[in-house]
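This is what each chain is made of:
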Amino acid sequence: GRSEQYAEVCEQLADNPLVAELIADPPPWDTPLRVMSALHYLVLEGKASWDDLDRAMVEHADFLRHQIANQAIQTNEVQRCSMLLPAFLEVARRTGAEVLDVIELGASAGLNVGWDNYRYEYGANAWGPLDAALTIVGEERGAVPPQLFTVKPRVRSRIGVDLNPIDLTVEANAHLLKSFVWVGMDERLARLDRAITA
């Protein structure tokens, strides 16, 4: 239900014999995600079109086979920072810390480590620089306590721990990260673009 276009492409590929030629036997559990991201990468590079996937699977079979076999899924959802921010602010409030050292496991290609560079909006409250490249709108099940928005810790150091660190200043790497966004999730893709440039 998150991406109608993604569902349509998956249905289109489900019984396509060209897909079977690209994947291992038996296929790992995440094979559908790997297939979609490899195809999306080619589309982002301008080497393929969603309107003619058969051609892409024939012309780029070696690349697709290698990518599907070797490229692990890379998380990329910077929206998660909307849940991290209140937690960081609460830690600073409780401890009185004005400076934080941040270490994150599985840092979404480093995007979540830079949480303090984004602007956040929750209901009637906001936090972060007015001129931030990215504004994240947080969904609240219960209101974030208003007093937290007055807490302004400074991040002194930040370390992201990732199994496969990725340098997003390289365009091909940025395309790789974007390839894991489901097709048709344009808002998420735009948010990722802004986070990469932030």
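Data block above holds the structure.
Just so we're clear, the structure is a prediction, and the values are computed from it rather than from any experiment.

So, how was this worked out
Residues numbered from 1 in each chain as written. Predicted model: local features only at pLDDT ≥ 70, side-chain atom pairs only at ≥ 80, totals over all residues. Heavy atoms only, no water. Axes fitted to C-alpha atoms, helices over the stretch in contact; angles between N-to-C directions. Helix = DSSP H or I, 4+ residues; strand = E, 2+ residues; numbered from the N terminus. Left-handed = near helix turned anticlockwise from the far one by under 90°. Contact = heavy atoms within 4.5 Å. Nonpolar A, V, L, I, M, F, W, Y, C, P; charged D, E, K, R; others polar. Pairing = 2+ DSSP bridges.

Draft legend 1. Quick peek at the packing of helix α7 (residues 171–179) against helix α8 (residues 186–197). Relative orientation of the contacting elements α7 and α8 amounts to 150°, with a least axis distance of 10 Å. For the element pair α7 and α8, the recorded crossing hand is right-handed. Residues Ala174, Leu177 and Lys178 of α7 form the contact with α8, whose participating residues are Leu189, Leu192, Asp193 and Ile196. Counted by class, the contact of α7 with α8 contains 5 nonpolar, no polar and 2 charged residues.

Draft legend 2. Just the sheet that holds strand β2 (residues 119–122), in detail. In space, the 3 strands of this open sheet follow the order β3-β2-β4, with mixed pairing throughout. In this open sheet, the two edge strands, each paired with only one partner strand, are β3 (125–127) and β4 (135–137). The mean angle between the axes of side-by-side strands here comes to 20°, regardless of whether they run parallel or antiparallel. This element, helix α6 (residues 81–95), spans β2, β3 and β4 of the sheet and lies at about 90° to β2.

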